[in-house]
Amino acid sequence: MPEPFRVILFIIFVMAFAGLNAAYLVWCERKGAGHIQRRIGPKEVGPFGLLQPIADGIKLMTKQLFLPKGADPLLFMAAPLMVMVPAIMSFMVIPFSETFVAREVNIGLLMIFAFASVNVLGLLLGGWGSGNKYAVIAAARCVSQNIAYEIPMLVTTITMVMVTNTMNLNEIVRAQAGWFFHWHIFRLDISLLMPVAFLIFFVCSLAETNRAPFDMAEAESELIAGAYTEYPGMGFGVFFMGEYANIVIGCALSVILFLGGWQSPIPFHPVGFLGVIWGLFWFLTKLYALIFTVIWIRWTYPRTQFYELLNLSWKVLIPISLFNLILTALQIKIFPWL
Amino acid sequence: MLLAKIKEALNSLYEDIQEVPEAPAAAEAEVAAAETAPETETAPAPEAQAEEGEPAAGEGEAETEEAEEPAAPPGLKETDYKAKGYHLDVDLPPEKVVAAAEILNRENFFIEAITGVDWIDDQQLEVVYDFNHFDELCRVVIRSRLDRSNPEIPTISHIYQGANWHERETHDFFGITFTGHPNLEPLLLPEDADFHPLLKDFKA
Amino acid sequence: MNGLFQQDVNQETFILNLGPQHPATHGVLRVKLEMDGEYIVDAEPVLGYIHRMHEKMGENRTWAQFLPNCGRMDYLSALSYNHGYVAAVERAAGIEVPERAEYLRVITVELNRISSHLLWFGAFVLDLGGFTPLLYAFDDREQILDLLESVTGSRLTYCYFRFGGVYNDIDDSFITGTREFIKRLRKRMPMYDALVTKNIILIKRLKDIGPISKDMARRYGATGPVARGSGIDFDVRKHEPYSVYSEFDFDIPVYEEGDSMARYMVRMDEIEQSMRIIEQALDKLPEGEIQPKKAVKLVKPEKGDYYHAVEAARGSFGVRIVSDGTNSAYRLKLRSPTYSNLSLFGEASRGMLLPDALALMGSLDLVIPEIDR
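Residues numbered from 1 in each chain as written. Chains lettered and ligands numbered in written order. Predicted model: local features only at pLDDT ≥ 70, side-chain atom pairs only at ≥ 80, totals over all residues. Heavy atoms only, no water.

Regarding the overall build of chain A
Right, so step 1: In terms of regular secondary structure, chain A is built from 11 helices and 0 strands.
Right, so step 2: Helices and strands appear in chain A in the N-to-C order α-α-α-α-α-α-α-α-α-α-α.
Right, so step 3: Taken over the C-alpha trace, chain A has a radius of gyration of 20 Å; the compact-globule value for 338 residues is 20 Å, and the two agree within 12%.
Right, so step 4: Overall, the C-alpha framework of chain A stretches about 65 × 45 × 45 Å when taken along its three principal axes.
Right, so step 5: Taking all 338 residues of chain A together, 54% fall into the buried category.
Right, so step 6: Counting contacts in chain A only where the partners sit at least 6 residues apart, residues at least 24 apart contribute 78% of the total.
Right, so step 7: In the form shown here, chain A has an accessible surface area of approximately 14600 Å², with 77% of it arising from carbon and sulfur atoms.
Right, so step 8: The positive charge centre, built from 20 side chains, and the negative charge centre, built from 18, are 5 Å apart in chain A. (Helix = DSSP H or I, 4+ residues; strand = E, 2+ residues; numbered from the N terminus. Rg over C-alpha atoms; globule rule 2.2 N^0.38 Å. Buried < 20%, exposed > 50% of the residue type's maximum accessible area, 1.4 Å probe, protein only. Contact = heavy atoms within 4.5 Å. Areas by Shrake-Rupley, 256 points an atom, 1.4 Å probe, with all protein chains shown as cover. Lys, Arg positive; Asp, Glu negative; His and termini not counted. Charge placed at Lys NZ, Arg CZ, Asp CG, Glu CD.)

Here it is, written out as structure tokens:
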């Protein structure tokens, strides 16, 4: 397949994937929340309420786009895009299967983190631009939260780069081939703290994507809807899609770095087209299991207090991740044959 | 017994009136009534104190009689708890209320409510303070009658911060001015309300 | 102000309007907050958005006509309000209540108290960002509503008590249903414990947050779980036993800490105590009439004023009646517990962070129609 054609195809696929994911993760979330809370969840629109996201989308799209008084029109309009676009861009380097990746970039990991930082900027400008006090408070929270959590997340990522010697996501996955105990999370021989590192990474990705119990920026019982308070119709809708796309990115990174990406738990990998499907199957299975965990956590725990959140990062996660970095470095140096 | 103790302490307020009958706010019409008080009231009060164990049966009647009199003399009565729901009924001139609140505060009473009653036939407004105690069952009611045309009474919100809202509410409903109150804005009524709905001559 | 958070006096502050429509105020309460960043410099609750002047209605209606109003103030523990009002009128008019009726009053009021505490529990955790316990609590509360509906005929705004008794007798299905419900709730409480009370996030959010000292509670006249969470052993049911409460063996949970966690624990423990009272009442339930033999037709209390307080789910609810001897009140004062409890919010929340202040507000268990009356 000629290269430009392939890339365009992938862009279409990725956008469809991001959009569908956003729509149907909302459905999963509502259905999951329903069952966790001993009720049914959406059931009226279509079978099992499957058409509910479409109905929601139509509702959001038909709403008036309203610019609140005192808002900065440019920032207000641009902010949702600044959350959504980087998230979609990040999908370009995610290896869904061994050959099923838009662009195998050798600094893929770096690229994702670069784009993830733009997401914060979007929330900050959105909150600031709407000229609402609640939104400004949320924006301020969001920034300090993201700064606090980016550090342990990056330190953990550096550890993983040290282990795998590459920033190419596909290479990282290939390094975990074989049985499931070859996945990085189980490689205690590389670093004794590997499961802890996974936990740190997962917690940080929850905090980075502003998910409960770290949903400070939204915090509906405190800040009404946080940075999204003033957003009507599709402005809110795009924010929402961006948020879910970010969850998918965060969980996908966890899967790639720690859970073996598209590798199956047994050392069996068919070749050709079947291999693509096989890899895709395992990648998505792991991905959605993690996403389900994210949803599960949200509907179980209360929200943390803001200073507890920062304490957790500065006093617990950062020291542990730094320690993990040093430990891993030592282990690599002392037992280089492993 | 808390009841006996608080009764004695509150009784001292009346002695004060006896010593300097004309001293507090001579301009107010209330004082005329207050002046006659010492002769009629201090005499029975220590008596009741002596036989505090058994509340006199006639007191309930005395209460109703008193309500009919246009200018009731200030008085301190022990009431039948079973019939009335409170132990001590203290009628004070308005300028004495703060002193009474200080005494109750010293004895660790807490404030339950402040409210008013419009005695339109007497052209008077009554402010009623309900106090209660956390450790021992002792409900004290302090009441004070004000002139209906110019109802003013000093605030006790600096002693009992909880009185702040109760006084604002009473001001809303009856138009009673609590002098010295930090913020006598309408609380339950709209902020621009200039009517007082619980007055008997209020027409919606 | 909390010294730790005291900042430069010249710092710019801004006004944040919390409400009248805000998810955390559970109704139309507005709090005017002066904020320094996320720290509260000063908080001033603004009331009256659902003020209906029940006290004036009491003057315009006959004694019996006011009964339905009682269910419309504190809509979560309406029976306590029923009880307070009828008990005050009974005291004023000297009406005797048959023993069975008193027992029925206690049973239904305590059931209502449990349902109120369950709803508070769910809503409070919702304030803290936990969604699911609300639905679980509603599940249990639903059972109580079904039980109460079978006797009182309504689910929320009860008007079950009459002067001198109650309106409807209970039957065997109510008794077995109540016993089964108590069994069920006893099984569910450990789950709430594991899911919520022992949750580290919840503990961190409530421990040492929003302290209310004994003295502050007294100065503001705070009662109910707010006072008991501050180490004040005060419950009208024990302190000044009305109805038949003196015949039951139950404890008053008191916690010394005075923080939001203490208030939370008081309410959770009270659910168990209420279940104990109901069980004993069902065991001892005497046979007999539920209304006086000579029906109370015309209520005309003697001239004078009367006071009666009951322990509602949120604290001491007092009714002051001034009667002029006619068939309607000359003055009817309703002392609502949350009104006093909320009045300390301004002082207690000073120097706190916004989310902590909302945790404090939730722990006060506000029911706005009761505050505004």
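Brief notes about the sheet that holds strand β1 (residues 76-78) of chain B
All names here are of chain B.
Right, so step 1: Ordered in space as β1-β2-β5-β4-β3, the 5 strands form an open sheet in which the pairing is mixed. Two strands close off the open sheet at either side, each with one partner strand: β1 and β3 (109-119). Strand-to-strand twist in this sheet, taken as the mean axis angle between neighbours without regard to direction, amounts to 15°.
Right, so step 2: Here β3 runs beside strand β4 (residues 124-133); their pairing, made up of 10 bridges, is antiparallel. Within β4, the position partnered with Ile111 by the bridge is Phe131.
Right, so step 3: Strands in contact with helix α6 (residues 97-106) are β3, β4 and β5 (140-147); relative to β5, the strand with the most contacts, it is inclined by about 170°.
Right, so step 4: Helix α7 (residues 163-174) contacts β3 and β4 of the sheet and is inclined by roughly 10° relative to β3. (Pairing = 2+ DSSP bridges. Axes fitted to C-alpha atoms, helices over the stretch in contact; angles between N-to-C directions.)

A short note on the interface of chain B and chain C
Right, so step 1: With 53 residues of chain B at the interface, the matching set in chain C holds 42 residues.
Right, so step 2: A buried area of about 4000 Å², summed over both sides, lies between chain B and chain C, and 53% of it is on carbon and sulfur atoms.
Right, so step 3: Counting the contacts that link chain B with chain C gives 7 salt bridges.
Right, so step 4: Contributions of two or more residues to the side of chain B that touches chain C are made by α4 (59-68), α5 (81-84), β3, β4, β5 and α7 of chain B.
Right, so step 5: In terms of residue class, the side of chain B that touches chain C is made up of 27 nonpolar, 12 polar and 14 charged. (Buried area = accessible area lost by both parts, 1.4 Å probe. Salt bridge = Lys/Arg side-chain N within 4 Å of Asp/Glu carboxyl O. Nonpolar A, V, L, I, M, F, W, Y, C, P; charged D, E, K, R; others polar.)

A look at helix α4 (residues 99-127) of chain C
All names here are of chain C.
Right, so step 1: The terminal C-alpha atoms of α4 lie 42 Å apart, and with 29 residues this matches the ideal 42 Å at 1.5 Å per residue to within 8%.
Right, so step 2: With 27 of 29 residues buried, α4 is to be regarded as a mostly interior element.
Right, so step 3: Downstream of α4 by a residue or two, Gly129 has a phi angle that is positive, lying close to 95°. (Expected span 1.5 Å × (residues − 1).)

Section: the nonpolar core
Right, so step 1: Grouped together as the largest cluster of nonpolar side chains are 185 residues, with contacts concentrated most on Ile156 of chain B together with Tyr264 of chain C.
Right, so step 2: Ranked by residues supplied to this core, first place goes to α4 of chain C with 12 residues.
Right, so step 3: What Ile156 of chain B contacts, discounting residues up to four positions off in sequence, is Val97, Val98, Ala101, Ile111, Ile114, Tyr129, Phe131, Ala163 and Glu167 of chain B.
Right, so step 4: By size, the runner-up hydrophobic cluster in this structure holds 73 residues, among which are Phe17, Ile88, Ile94 and Leu206 of chain A. (Core = buried A, V, L, I, M, F, W, Y, C linked by side-chain atoms within 4.5 Å.)

With respect to the packing of helix α1 (residues 3-36) of chain A against helix α9 (residues 233-258) of chain A
Residues and elements named next belong to chain A.
Right, so step 1: The N-to-C vectors of α1 and α9 enclose an angle of 90°; their axes lie 9 Å apart at closest approach. Taken together, α1 and α9 sit at an angle that is classed as roughly perpendicular. Contacts from Phe17, Gly19, Asn21, Ala22, Leu25, Val26 and Glu29 in α1 reach Phe240, Met241, Tyr244 and Val248 in α9.
Right, so step 2: A per-class count over the contact of α1 with α9 returns 8 nonpolar, 2 polar and 1 charged. (Parallel < 35°, antiparallel > 145°, perpendicular 65-115°, else oblique.)

Re a nonpolar patch on the surface
Right, so step 1: On the surface, a nonpolar cluster with roughly 600 Å² of combined accessible area is contributed by Trp179, Phe180, Phe181, Phe186, Ile266 and Phe268 of chain A.
Right, so step 2: Within the secondary structure, Ile266 of chain A is located in the loop between α9 and α10 (272-298). (Patch = residues over 30% accessible without salt bridge, like charges linked within 9 Å, V, L, I, M, F, W, Y side chains within 5 Å.)

Things to note about the packing of helix α4 (residues 108-129) of chain A against α9 of chain A
Residue and element names in this part refer to chain A.
Right, so step 1: One way to put it is that α4 packs onto α9 with a least axis distance of 12 Å and a crossing angle of 150°. Comparing their axes, α9 and α4 come out roughly antiparallel. As α4 packs across α9, the resulting crossing turns out to be left-handed. Residue-level inspection shows Leu109, Ile112, Phe113, Asn119, Gly122 and Leu123 of α4 in contact with α9, the latter providing Phe239, Asn246, Ile249, Leu253 and Leu257.
Right, so step 2: Considering only residue class, the contact of α4 with α9 consists of 8 nonpolar, 3 polar and no charged. (Left-handed = near helix turned anticlockwise from the far one by under 90°.)

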